[in-house]
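What follows is the residue order along each chain.
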Amino acid sequence: MLLTTPPILQFKSLSLATPFLHGATAPTPHLFKPGTSSASGAPPSAAGLPVIKAMRSLQGRVVCATNDKTVAVEVVRLAPHPKYKRRVRMKKKYQAHDPLNQFQVGDIVQLEKGRPISKTKTFWAVPVAPRAGPKEAAAPPQELGIPLESES
């Protein structure tokens, strides 16, 4: 059984589907590199992909408002316990910018992520519309105008 071409030459004519097989690398011009400048100065946006907004906004309660233009906001979330798998409350305090000093202790605020203002402040405090309180219990009916048997 004699082959006309060596087997290795048969495979050299094949092209790989991806350049990343067998350690080969290909240049990626579509990725943004900080050292190089592009025409717009920013990375190109991925068309059609949704923007991930994780950790862009949080909601919490003001626990300290003594500092000037700063409030401490406590955010409560439910997370599973690592061992017992029960959901437990996890609390974390964030420093938020309050330029008008409008928030008092106990206010509910929305935290919006922004550029860093200081070492610990990267959120802006935004007021939230107050929640609807419990509905008033219906008042007992007043006199119906009908005499009772005990009164006659």
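Refer to the preceding data block for the structure.
Residues numbered from 1 in each chain as written. Predicted model: local features only at pLDDT ≥ 70, side-chain atom pairs only at ≥ 80, totals over all residues. Heavy atoms only, no water.

## A closer look at the overall build of the chain
Per the secondary structure count, the chain includes one helix and five strands. Put simply, the chain runs from its N terminus to its C terminus through helices and strands in the order α-β-β-β-β-β. Classification of the 152 residues of the chain by burial places 14% in the buried group. As presented, the chain carries roughly 13,600 Å² of accessible surface, and 60% of it is formed by carbon and sulfur atoms. (Helix = DSSP H or I, 4+ residues; strand = E, 2+ residues; numbered from the N terminus. Buried < 20%, exposed > 50% of the residue type's maximum accessible area, 1.4 Å probe, protein only. Areas by Shrake-Rupley, 256 points an atom, 1.4 Å probe, with all protein chains shown as cover.)

## Focus: the packing of aromatic side chains
All told, the structure shown has one aromatic pair when counted by the stated rule. Geometrically, the ring pair formed by Tyr-94 and Phe-123 is edge-to-face, given 5.2 Å between the ring centres and 70 degrees between the ring planes. Of the two residues, Tyr-94 sits in strand S3 (residues 87-97) while Phe-123 sits in strand S5 (residues 121-127), which places them 29 residues apart along the sequence. Side by side, Tyr-94 and Phe-123 carry an identical accessibility label, which is buried. Sitting over the face of the ring of Phe-123, Lys-113 holds its NZ or CZ atom 5.3 Å from the ring centroid. (Phe/Tyr/Trp six-rings, centres within 6.5 Å; stacked < 30°, edge-to-face > 60°. Lys NZ or Arg CZ within 6 Å of the ring centre and 35° of its normal.)

## A word on the layout of surface pockets
Size it by volume and the largest pocket reaches roughly 220 Å³. Elements supplying a minimum of two residues to the lining of the largest pocket: strand S1 (57-64) and strand S2 (70-80). If you tally residues by element for the lining of the largest pocket, the top one is S1, at three residues. (1 Å grid on protein atoms, 1.4 Å probe; cavity = no way out; pocket = protein on both sides within 12 Å on 5 of 7 lines; lining within 4 Å. Points joined across faces, edges and corners; volume = space filled by probe spheres on them.)

## Examining the sheet that holds S1
Taken in spatial order, the five strands close into a barrel running S1-S2-S3-S5-S4, and their pairing is mixed. Neighbour-to-neighbour, the strand axes of the sheet open up by a mean angle of 50 degrees, direction not taken into account. Across eleven bridges, S2 lies against S3 in antiparallel orientation. Each bridged residue has a counterpart across the sheet, and for Thr-70 the counterpart in S3 is His-97. (Pairing = 2+ DSSP bridges. Axes fitted to C-alpha atoms, helices over the stretch in contact; angles between N-to-C directions.)

## Thoughts on the pattern of salt bridges
Under the counting rule described, the total for this entry stands at one salt bridge. In this structure, the salt-bridge partner of Glu-74 is Arg-61, at a minimum N-O distance of 3.7 Å. With Glu-74 in strand S2 and Arg-61 in strand S1, this pair connects stretches of sequence that are 13 residues apart. Residue Glu-74 is classed as buried on the basis of its relative accessible area of 19%. Relative accessible area serves as the criterion here: at 37%, Arg-61 is assigned to the partly exposed category. (Salt bridge = Lys/Arg side-chain N within 4 Å of Asp/Glu carboxyl O.)

## Comments concerning the pairing of S1
Taken together, the five bridges between S1 and strand S4 (residues 108-113) define a ladder with antiparallel strand orientation. Residue pairing across strands places Ser-57 opposite Glu-112, the latter belonging to S4. With three bridges connecting them, S1 and S2 associate as antiparallel partners. Its bridge partner lying in S2, Val-62 is registered against Val-73. Count of turn residues in the S1/S2 antiparallel hairpin: five residues, of which Lys-69 carries a positive phi of about 60 degrees.

## Brief notes about the nonpolar core
Among the nonpolar cores identified, the biggest contains twelve residues, and these are Leu-58, Val-62, Val-71, Val-73, Val-75, Tyr-94, Ala-96, Phe-103, Val-109, Leu-111, Phe-123 and Ala-125. Of all the secondary-structure elements, those providing two or more residues to this core are S1, S2, S3, S4 and S5. Top element by residues in this core is S2. It accounts for three residues. Look past the residues within four positions of Leu-58 in its chain and what remains in contact with it is Val-75, Tyr-94, Val-109, Gln-110, Leu-111 and Phe-123. (Core = buried A, V, L, I, M, F, W, Y, C linked by side-chain atoms within 4.5 Å. Contact = heavy atoms within 4.5 Å.)

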